[in-house]
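A closer look at the structure
As a plain string of letters, each chain reads:
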Amino acid sequence: WTVNGELRVGVFARRPIFVGEEFTLDYQFQRYGREAQKCFCGSAICSGYIGGEKQISIDAYSGVKSSTAKRKKGSDDKKREWEDLALEEEIEKLNSVKGLRNREETLKFARLMVRAEESSARHQLLDIIIKTEEQACLRLFLDYHGLPLLWSWMTDTVELDLKVKILQVLALLPVSNKTMLLDSKVMNIVEKWVEEFTADKQENSDIKALQCSVTSPSE
């Protein structure tokens, strides 16, 4: 739900909940990255994973393709093409001269990040936030789980240009302290990337400057 522009989750019980009673909740978590995460809640009816679409079976996550999944492949591919086209159109509408300008655009931007899996779409979205001049929108982006969203991209990014652009975005964001970077696991990947750049002799002054900006947020 969105309440007054803020993301909210509503939970409703179908029966009375007793004081001290333990219960588990499947809140349809949107996974970060391409792989679903294992769930350790211990519930007998747990699907076993956090994230992923309902129509994808648990076997699919472990590499076992069911006959139903094979039959649906053709229609799923067609659906994916339409979804990619719709995503491109939405990104284009959001791609204004000055980047994000208000709360509504920032919220929409965060939602588009969740849907963007192709490199081209991610480049376009990163360009939008790089052009953003409104500090209020950059702070809102952080409120809308901006760092975890970037982390989800960082976990499966192999393209050097995309890595550099993500570092540019991180350097622009008004991150108040290093704890935010550590809690979101962004810092670990930044340090790993710097090691890779150095090992591959790809590091240059621009990358080094970005790394320093990211790892030394303003207090």
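Residues numbered from 1 in each chain as written. Predicted model: local features only at pLDDT ≥ 70, side-chain atom pairs only at ≥ 80, totals over all residues. Heavy atoms only, no water.

1. Remarks on a nonpolar patch on the surface
Where nonpolar side chains cluster on the molecular surface, the patch consists of Val-9, Val-11, Ile-17, Phe-23 and Leu-25 and spans about 510 Å² of accessible area. Its location among the elements puts Phe-23 in the loop between β2 (6–7) and β3 (37–38). (Patch = residues over 30% accessible without salt bridge, like charges linked within 9 Å, V, L, I, M, F, W, Y side chains within 5 Å. Areas by Shrake-Rupley, 256 points an atom, 1.4 Å probe, with all protein chains shown as cover. Salt bridge = Lys/Arg side-chain N within 4 Å of Asp/Glu carboxyl O. Helix = DSSP H or I, 4+ residues; strand = E, 2+ residues; numbered from the N terminus.)

2. Overview of the environment of Lys-163
Turning to its location among the elements, Lys-163 is positioned in helix α7 (residues 160–172). Lys-163 gets classed as buried once you look at its relative accessible area, which sits at 9%. Beyond its immediate stretch of four places on either side in the chain, Lys-163 contacts Thr-157, Val-158, Trp-193, Glu-196 and Phe-197. (Buried < 20%, exposed > 50% of the residue type's maximum accessible area, 1.4 Å probe, protein only. Contact = heavy atoms within 4.5 Å.)

3. Looking at helix α3 (residues 103–115)
Given 3.6 residues to a turn, an α-helix orients residues that are three or four positions apart in the same direction. Helix length check: α3 (13 residues) gives 19 Å between terminal C-alpha atoms against 18 Å at 1.5 Å per residue, within 8%. Taken together, the buried positions of α3 are occupied by Glu-105, Thr-106, Leu-107, Phe-109, Ala-110, Leu-112 and Met-113. For α3, the N-terminal cap is Asn-102; the gap from its side-chain oxygen to the backbone nitrogen of Glu-104 is 3.2 Å. (Expected span 1.5 Å × (residues − 1). Polar contact = N/O pair within 3.5 Å; in protein donor to acceptor, adjacent residues only side chain to side chain.)

4. Digging into the pattern of salt bridges
Per the counting criterion, the structure on display carries five salt bridges. Between Glu-21 and Arg-15 there is a salt bridge, with the nearest N and O atoms lying 2.6 Å from each other. With relative accessibility at 49%, the residue Arg-15 sits in the partly exposed group. Salt-bridge contacts for Glu-105 lead to Arg-101; the nearest nitrogen and oxygen are separated by 2.6 Å.

5. Focus on the nonpolar core
Counting 41 residues, the largest nonpolar core has Phe-109, Leu-125, Leu-170 and Leu-173 as the members making the most contacts within it. Of all elements in the fold, only α2 (67–94), α3, α4 (119–130), α5 (135–143), α6 (146–154), α7 and α9 (186–199) reach the threshold of two or more residues within this core. (Core = buried A, V, L, I, M, F, W, Y, C linked by side-chain atoms within 4.5 Å.)

6. A look at the confidence of the model for the protein
On average, residues of the protein score 75 in pLDDT, and 66% of them reach the 70 mark or higher. Mean pLDDT across the secondary structure elements of the protein bottoms out at helix α1 (residues 58–61), with 38, and peaks at α4, with 93. (pLDDT = per-residue confidence, 0-100.)

7. Here's the deal with the side chain of His-123
Tracing the sequence through the fold places His-123 in helix α4. A polar side-chain atom of His-123 sits 2.8 Å from a polar atom in the side chain of Glu-159. In this structure, His-123 is in contact with Glu-159, Asp-161, Leu-162 and Lys-165, ignoring residues within four places of it in sequence.

8. Here's the deal with the packing of aromatic side chains
Across all of its chains, the model carries one aromatic pair by this definition. Where Phe-109 meets Phe-141, the ring centres are 5.6 Å apart and the plane angle is 70°; that geometry is what we call edge-to-face. With Phe-109 in helix α3 and Phe-141 in helix α5, the pair connects residues that are 32 residues apart, well separated along the chain. Residue Phe-109 is classed as buried on the basis of its relative accessible area, which comes to 1%. The class for Phe-141 is buried, based on a relative accessible area of 1%. (Phe/Tyr/Trp six-rings, centres within 6.5 Å; stacked < 30°, edge-to-face > 60°.)

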